[in-house]
Amino acid sequence: PPVIRREDYLPPAWLIPEIALDFALGLDETVVVSKLSVRRNPDGNGTATLRLNGDQIAPRAVTVDGTALNDWKLDGPDLLIELAGDAHEVAIETVLNPAANSQLMGLYASNGMLCTQCEAEGFRRITFFPDRPDVLSTYSVRMSGDKATFPILLANGNCTAEGEGEDGTHWAEWHDPWPKPSYLFALVAGELVANHATFTTMSGRRVDLNVWVRPGDEGRTQHAMDSLIASMKWDEETFGREYDLDLFNIVAVSDFNMGAMENKGLNVFNTRYVLADPDTATDADYDAVEGVIGHEYFHNWSGNRVTCRDWFQLSLKEGFTVLRDQLFSADMGSEPVKRIEDVRVLRIAQFPEDSGPLAHPIRPDSYQEISNFYTATVYNKGAEVIRMMRTMAGEEAFRKGTDLYFERHDGTAATCEDFVKAIEDGTGLDLARFRLWYSQAGTPQVSARLEHDGRIARLALTQTVPATPGQPEKAPMPIPLRIALFDRDTGTHAGEHLVILDGDEGSFAFEGFDKPPVLSINRGFSAPVAIEMEREDEDLVFLAANDDDPFARYEAMQSLVLQHLVAAVGGGLDEARRASGRAAIGRAMKAIVTDPELDDLMRGELMILPAESYLAEQLLVSDPGVIHAEREALKAWLGLELADELKALHDRISAVPYSRDAAARGARKLKTQALVLIASGDAGEGAARAIAQYRKADNMTDRQGAVMVLAGLDCPEREEALADFLARYEGNALVIDKWFSLQAGSFHPRVLEQIHALAQHDEFRMSNPNRVRSLYMAAAVNPQAFHDASGAGYAMIGELIRKLDPINPQTAARFVPALGRWRRVEPGRAAMMRAELEKIAAVPSLSRDVREQVTKSLG
Ligand code: B3K
Ligand code: ZN
């Protein structure tokens, strides 16, 4: 497949200022007539050929300026039309079969309704068009269809007319006044009911808000609506951004490749990020709904009003919008807890990407299939890079920068460079070298050493940016590190410093220390780097107890455990050191479990042990079996060592009644965490407490937590809970997804066997991405299943990819990176992982999506 390169960008030869689309809707036949006003781009290359992208569609009729055209050509999937002048009207008719569209890109049927997904290149599956984000058009849409099948007809913008047709049909016309690229087009038709509300913007515009769902689901939409209203208000207050239409629609669909999509005025969502009530959604689900609703809403400015020039600039909208949704969620809940969660996601999802065969800069230089670049790097690392600018500038100056960015580029398709320039001009920062964060892949490794001499503490830092595919040599990047130096006796510090490591090495001196202080570094995770530092357990225990930066406190606890487990996995712990390491962890954990000053949400964060994948990141090559065993052994030790404290904690919080306030949510989070450790130490006690928690649960958080613990135990209570859970939620797809993923994610000794049985279950559907992920993504990230020493876990994921690829290549490709980690795994397993990749590569008809990921992973 051809490689698309950033450096090859050329402005479009032709522009389409206006497009009128007419849809005659049907589930298995929809006829589309597209009328384009085509204008030569004065900045284009002057070619007479109009190239319109297509994908698995054929032109049924083409007219130019009202006259039928017969000499159009196809160049692969694209339609080529020769135009004599500078301005023409081109009309094209296509016929689609939405019910047969299993890729869920373009126009497709889901649950009896029709909906669209166009980002990145789905519009070309609907009609021929210059399907690139720098071609902005004003859209008018007409649709007609059977009124009983499609009672609700929605598109972008405002409804301008509607009426009845013949034979039980009806029609509607929609107009979106804001020019937009084709990837933001959307249409939805089907039987839907709305939760309706209004919002008045800061300048007094009254906006109608609707959350559309299938009849029966409307009772689970209030949290989504509340989150939408909160987002609209927050963006006005925090970024000065106001909504710009009289209508904002959200539609929930049950078949969706991603989380949601920010189509102008008509966001389409995976049901997973809309529906929530206490009986069916966990507290984490509530947070996810709020975060994704915010994210898509914020795209109205960072994405829609200012869009991307080309897909290499994807992080321009995604990195920035992730930062915006992170700040929003932090303001809605607990800022420190949100920060810790975001860093955990980065370390679990992005660090491995950055150190593997698919590593790419947040602004990639090339791709074969753009769908493969909707990654944690572009999204989450992209957000971290912008967050660093904010840290260096300060909040107020940063806002000046974003104001300038929106003002300068409103209504246009911009680049990452435009964004950095606006931040530079608005804040006064010099970001010349900082731009390297956009072009270099790899997680910088910063080693830190603190020396004490006389009254001076000296911090010596060095950085290396590891080589990544296609980038053997790296230049040092500016790394902003928030630090503090603690007095061991008082447990306090004299103020935080922001140091910027700008070269390979840096040395920073601080005066006024009679004794060696304790270093707290990368506070708040001010830079997305890995810090390497030899640390005494006692210093980490001290920071875990005393640091006034909550992230740093969490980090100290993580480092303490990480240091111990890495040594254990490397075989470097004799019995004495194992015992002293565990003792230090036990002391710190006990202090956390019993600290009366801590709120429970934060206590829950501090109690989470580093993930196995993050542990594996610390080692060049590792044995996942040993990592798993060592981490489980530590959990079991903690469960026994702190049995009394954990049981007391579980008793205390089990008495807290259900509510959505922070204290009650904290209690629920801890309840399950305590249960996990109790069960690790004593399976019988764990099972008894878990089934009791399950039976008396009046909310999904408690119920799911109990089932999660039971799913990993070999006990009769497990079967009781699983059977009850399935029966109780029959017909509720999102909860059935949980039922699958709780089992597939468990550490049950026979988990692989169970996953194979689940794949044969009546409720399993290969055509539904949520269901596929609930079983197989849970399995792929479950070390006990995936890394089974037999290789059966690898074979299972390999087979899935081969089976799913012809149905839904985008979703299939998401499973490749798990196998692509083979170089970092011990040789026996590595060979089996590689063999699975080769088996996939041997399939002749592989999609571009999977082909790219597999080839790079083998490369
Ligand atoms: N912009 C969409 C991503 C859709 C990508 C599909 N391949 C979701 C989001 O980031 O908001
Ligand atoms: Zn986004």
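This structure is a prediction, so every number in the text was calculated from the model and none was measured.

1. Examining the overall build of the protein
For step 1, the next point in the chain: A count of helices and strands for the protein gives 28 helices and 31 strands.
For step 2, the next point in the chain: Rg of the C-alpha trace for the protein: 28 Å, near the compact-globule value of 29 Å for 859 residues, within the 12% margin.
For step 3, the next point in the chain: Each principal axis of the C-alpha distribution contributes one length, and for the protein these read about 90 × 60 × 60 Å.
For step 4, the next point in the chain: Among the 859 residues that make up the protein, the fraction classed as buried is 53%.

2. Notes on the site of ligand 1
For step 1, the next point in the chain: Surveying the vicinity of ligand 1 reveals the residues Glu119, Ala120, Met258, Ala260, Met261, Glu262, His295, Glu296, His299, Glu318, Ser371 and Tyr374.
For step 2, the next point in the chain: The residue makeup of the shell around ligand 1, split by class, is five nonpolar, three polar and four charged.

3. Topic: the environment of Val135
For step 1, the next point in the chain: Here Val135 shows up in the loop between strand S11 (113-117) and strand S12 (137-146).
For step 2, the next point in the chain: Given 21 C-beta atoms within 10 Å, Val135 falls into the buried group.
For step 3, the next point in the chain: On a C-alpha basis, the gap between Val135 and Pro181 in space is 5.6 Å, while along the polypeptide they are 46 residues apart.

4. Overview of the pairing of strand S21 (residues 266-270)
For step 1, the next point in the chain: Of all the five residues making up S21, five are buried; the element is thus mostly covered by neighbouring parts of the structure.
For step 2, the next point in the chain: Burial along S21 is two-sided: the residues Leu266, Val268 and Asn270 and Asn267 and Phe269 are all buried.
For step 3, the next point in the chain: In this sheet, S21 lies alongside strand S19 (residues 247-253) in parallel orientation, the contact comprising five bridges. The residue of S21 that forms the bridge with Ala252 is Phe269.

5. A short note on the packing of helix H22 (residues 769-780) against helix H24 (residues 792-804)
For step 1, the next point in the chain: Contact geometry for H22 and H24: axes closest at 10 Å, N-to-C directions at 145 degrees. The interaxial crossing formed by H22 with H24 has left-handed handedness. In this structure, H22 contributes Val772, Tyr776, Ala779 and Ala780 to the contact, and H24 contributes Met796, Ile797, Leu800 and Leu804.
For step 2, the next point in the chain: In terms of residue class, the contact of H22 with H24 is made up of eight nonpolar, no polar and no charged.

6. Describing helix H27 (residues 827-841)
The α-helix winds at 3.6 residues per turn, so residues separated by three or four positions along the chain end up facing the same way.
For step 1, the next point in the chain: Its 15 residues place the ends of H27 21 Å apart at the C-alpha level, agreeing with the 21 Å of an ideal helix rising 1.5 Å per residue.
For step 2, the next point in the chain: Residues Arg829, Met832, Met833, Glu836, Leu837 and Ile840 constitute the buried set of H27. Down the axis of H27, the buried set is contained in an arc of 140 degrees. They therefore lie on one face. In H27, the exposed residues that point more than 90 degrees away from the buried face are Pro827, Gly828, Ala831 and Glu838.
For step 3, the next point in the chain: Looking at the buried side of H27, the elements it contacts are helix H14 (624-641), H24, helix H26 (816-820) and helix H28 (848-858).

7. What to know about unusual backbone geometry
For step 1, the next point in the chain: In the segment running from Glu119 into Ala120, the intervening peptide bond is cis, with an omega of 0 degrees.
For step 2, the next point in the chain: Relative to the helices and strands, Ala120 resides in the loop between S11 and S12.
For step 3, the next point in the chain: With a phi close to 50 degrees, Asp65 is a non-glycine residue in the positive phi region.
For step 4, the next point in the chain: According to the C-beta neighbour criterion, Asp65 is partly exposed, with 14 such atoms within 10 Å.
For step 5, the next point in the chain: Non-glycine residue Asn522 carries a positive phi angle of around 55 degrees.
For step 6, the next point in the chain: By the element assignment, Asn522 lies in the loop between strand S30 (518-521) and strand S31 (530-532).

8. Notes on the sheet that holds strand S17 (residues 193-200)
For step 1, the next point in the chain: A sheet is described by the order of its strands in space; here five strands give the open sequence S17-S18-S19-S21-S20, paired in mixed fashion. Unpaired on one side and paired on the other, S17 and strand S20 (260-261) mark the two borders of the sheet.
For step 2, the next point in the chain: Pairing of S20 with S21 involves two bridges; the strand directions are antiparallel. From the neighbouring strand, Ala260 faces S21, where its bridge partner is Phe269.
For step 3, the next point in the chain: Those strands touched by helix H1 (residues 222-239) are S17, strand S18 (206-213) and S19, and its axis lies near 25 degrees from that of S17.

9. With respect to the nonpolar core
For step 1, the next point in the chain: Counting residues in each nonpolar core, the largest one holds 239 residues, and the members touching the most others are Val188, Val251, Val268, Val274, Leu710, Ala779 and Ile797.
For step 2, the next point in the chain: Looking at this core element by element, the count peaks at 10 residues for helix H10 (residues 550-569).
For step 3, the next point in the chain: With near-sequence residues (within four places) excluded, Val251 lies in contact with Cys115, Leu154, Val188, Leu192, Trp212, Leu266, Val268 and Phe269.

10. Quick notes on the domain arrangement of the protein
For step 1, the next point in the chain: You can read the domains of the protein as domain 1 (4-191), domain 2 (307-439), domain 3 (445-527), domain 4 (534-639), domain 5 (642-728) and domain 6 (730-859).
For step 2, the next point in the chain: On a C-alpha basis, the centroid separation for the pair domain 1 and domain 5 is 51 Å.

11. Things to note about the environment of Asp217
For step 1, the next point in the chain: For Asp217, the location among the structural elements is in the loop between S18 and H1.
For step 2, the next point in the chain: Linking Asp217 and Val193, residues 24 residues apart in sequence, is a C-alpha distance of 8.5 Å.

12. Some words on helix H20 (residues 733-744)
For step 1, the next point in the chain: Between its terminal C-alpha atoms H20 stretches 16 Å, which fits the 16 Å expected from 12 residues at 1.5 Å a residue.
For step 2, the next point in the chain: H20 sits mainly inside the fold: 11 of its 12 residues count as buried.
For step 3, the next point in the chain: If you check which residues of H20 are buried, you get Leu734, Val735, Ile736, Asp737, Lys738, Trp739, Phe740, Ser741, Leu742, Gln743 and Ala744.
For step 4, the next point in the chain: Here the buried face of H20 lies against helix H18 (700-711), helix H19 (716-728), helix H21 (751-759), H22 and helix H23 (783-786).

13. With respect to the sheet that holds strand S26 (residues 456-464)
For step 1, the next point in the chain: Spatially, four strands are ordered S29-S26-S25-S31 in an open sheet, and the strand pairing comes out mixed. Each edge of the sheet is formed by a strand with only one pairing partner; in this case those strands are strand S29 (505-511) and S31. When strand polarity is set aside, the average angle formed by the axes of neighbouring strands in this sheet is 25 degrees.
For step 2, the next point in the chain: Bridge count between S26 and S29: seven bridges; the pairing is antiparallel. Residue pairing for S29: Ala460 is matched across the bridge by Ser507.

14. Notes on the environment of His223
For step 1, the next point in the chain: Along the chain, the position of His223 falls in helix H1.
For step 2, the next point in the chain: Note on His223: 21 C-beta atoms within 10 Å, which makes it buried.
For step 3, the next point in the chain: Spatially, the C-alpha atoms of His223 and Asp489 are 47 Å apart, while their sequence positions differ by 266 residues.
For step 4, the next point in the chain: In contact with His223, not counting residues within four places along its chain, are Ala276, Tyr286 and Val289.

Criteria and cut-off values
Residues numbered from 1 in each chain as written. Chains lettered and ligands numbered in written order. Predicted model: local features only at pLDDT ≥ 70, side-chain atom pairs only at ≥ 80, totals over all residues. Helix = DSSP H or I, 4+ residues; strand = E, 2+ residues; numbered from the N terminus. Rg over C-alpha atoms; globule rule 2.2 N^0.38 Å. Buried ≥ 20, exposed ≤ 12 C-beta atoms within 10 Å, placed from the backbone. Near = placed C-beta within 6 Å. Nonpolar A, V, L, I, M, F, W, Y, C, P; charged D, E, K, R; others polar. Pairing = 2+ DSSP bridges. Axes fitted to C-alpha atoms, helices over the stretch in contact; angles between N-to-C directions. Left-handed = near helix turned anticlockwise from the far one by under 90°. Contact = placed C-beta atoms within 7 Å. Expected span 1.5 Å × (residues − 1). Arc of directions from axis to C-beta. Core = buried A, V, L, I, M, F, W, Y, C linked by C-beta atoms within 7 Å. Domains from an automatic or database assignment.

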